Amino acid sequence: MALRAALRKSCALTGLFCQLSSSRHGRVCASPVLVAQQRNSSTAQNIKLDFDQSTGVAVMHMQCPPVNALSLEFLTEICITVEKLEMDKSCRGLIITSSQPKVFSAGLDLLEMYETSTEHRGEFWRAVQEMWLKLYSSKLVTIAAINGSSPAGGCLMAMTCDYRIMADNPRYGIGLNETQLGMVAPFW
Ligand SMILES: CCCCC/C=C\CCCC/C=C/C(=O)SCCNC(=O)CCNC(=O)[C@H](O)C(C)(C)COP(=O)(O)OP(=O)(O)OC[C@H]1O[C@@H](n2cnc3c(N)ncnc32)[C@H](O)[C@@H]1OP(=O)(O)O
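Within an unreviewed UniProt entry, the label attached to the protein reads Enoyl-CoA delta isomerase 1, mitochondrial, and the organism entered is Salarias fasciatus. The record in UniProt for the protein states the following under Subcellular location (unreviewed entry): "Mitochondrion matrix".

In structure tokens:
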């Protein structure tokens, strides 16, 4: 299968990332109302958000099993979370990391593009664009704490952050590999 033939990487979390997910931070739940209504999405459940008001730093843990594939629903949740943080004047910075073992994000959810309607794919690609534009243009200081493999759309997500820190493990891969799947990113 194409998925299995693509990148296969593995490794463990570093102390840094364990620190990032420390439970001492107060938890904030993102409300998915606005975009969810526009896109008919369900409630945010693939993101755990820790926001430490004393530092103004939020940590977004992606927990969309098994590999944080960026589906329409998950992209929507990410956008809503960033929007909500931007509206909070006490929030200055955002760290994005993964709760899934060995993988930061497997990139775009390939099932969103397989035997789906043209209309659905249009909505999906608009959500992709919205995600990276939102991160790239965010007024928050954004950091991708890359604690696992991060191919294609995962790499895109990391690239649109202001800073990237990647766990030092040779089994982790990152890069724009989507052309290996015969995929050319559309014009924005
Ligand atoms: C700032 C400038 C902007 C300019 C724009 C420039 C470029 C934009 C590029 C945007 C285009 C992006 C396209 C994509 O992202 S296409 C997706 C590409 N992704 C991949 O090729 C990754 C494929 N997956 C893997 O390599 C591996 O799964 C792994 C992530 C390394 C994890 O490996 P491992 O831990 O061994 O897990 P498995 O391979 O066993 O996978 C577990 C289950 O997850 C399913 N899976 C994996 N990846 C995806 C995916 N992308 N979408 C949907 N599902 C995925 C896999 O099938 C397994 O499912 P199963 O257990 O049911 O079999």
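**Student:** Got a minute to help me understand the packing of helix α4 (residues 72-87) against helix α5 (residues 118-136) in this structure?
**Tutor:** Helix packing for two helices is described by the angle between their axes and how far apart those axes are. Packing of α4 against α5 leaves a shortest axis separation of 9 Å and a crossing angle of 30 degrees. Between α4 and α5, the crossing angle belongs to the class labelled roughly parallel. The hand of the α4/α5 crossing is left-handed. Here α4 contributes Leu 72, Leu 75, Ile 78, Cys 79, Val 82, Glu 83 and Glu 86 to the contact with α5, which in turn contributes His 120, Glu 123, Phe 124, Ala 127, Val 128, Glu 130, Met 131, Lys 134 and Leu 135. The class makeup of the residues in the contact of α4 with α5 is 10 nonpolar, one polar and five charged.

**Student:** Just to check I follow, could you spell out the environment of Asp 162 for this structure?
**Tutor:** Mapped onto the fold, Asp 162 is located in the loop between α6 (153-159) and β6 (163-166). Sequence spacing of Asp 162 and Tyr 172 is 10 residues, and the spatial spacing of their C-alpha atoms is 21 Å. Other than its neighbours up to four places away in sequence, Asp 162 contacts Leu 140, Val 141 and Thr 142. Here Thr 142 takes part through its backbone nitrogen, which lies 2.9 Å from a polar atom of the side chain of Asp 162.

**Student:** Got a minute to help me understand the sheet that holds strand β2 (residues 57-62) in this structure?
**Tutor:** Strand pairing in a sheet takes place through backbone hydrogen bonds and is either antiparallel or parallel in direction. If you walk across this open sheet you meet the five strands as β1-β2-β3-β4-β6, and the pairing is mixed. Unpaired on one side and paired on the other, β1 (47-52) and β6 mark the two borders of the sheet. Direction aside, neighbouring strands of the sheet carry axes that sit 20 degrees apart on average. As defined by bridge partners, strand β4 (residues 141-146) adjoins β6 across four bridges and the pair is classed as parallel. Across the sheet, Ile 143 pairs through a bridge with Tyr 163, a residue of β6. Taken strand by strand, α4 contacts β1, β2 and β3 (93-98), and its axis lies near 15 degrees from that of β1.

Each value, and the rule that gives it
- Residues numbered from 1 in each chain as written.
- Predicted model: local features only at pLDDT ≥ 70, side-chain atom pairs only at ≥ 80, totals over all residues.
- Heavy atoms only, no water.
- UniProt positions renumbered as here; feature names shortened; annotations may be inferred.
- Axes fitted to C-alpha atoms, helices over the stretch in contact; angles between N-to-C directions.
- Helix = DSSP H or I, 4+ residues; strand = E, 2+ residues; numbered from the N terminus.
- Parallel < 35°, antiparallel > 145°, perpendicular 65-115°, else oblique.
- Left-handed = near helix turned anticlockwise from the far one by under 90°.
- Contact = heavy atoms within 4.5 Å.
- Nonpolar A, V, L, I, M, F, W, Y, C, P; charged D, E, K, R; others polar.
- Polar contact = N/O pair within 3.5 Å; in protein donor to acceptor, adjacent residues only side chain to side chain.
- Pairing = 2+ DSSP bridges.

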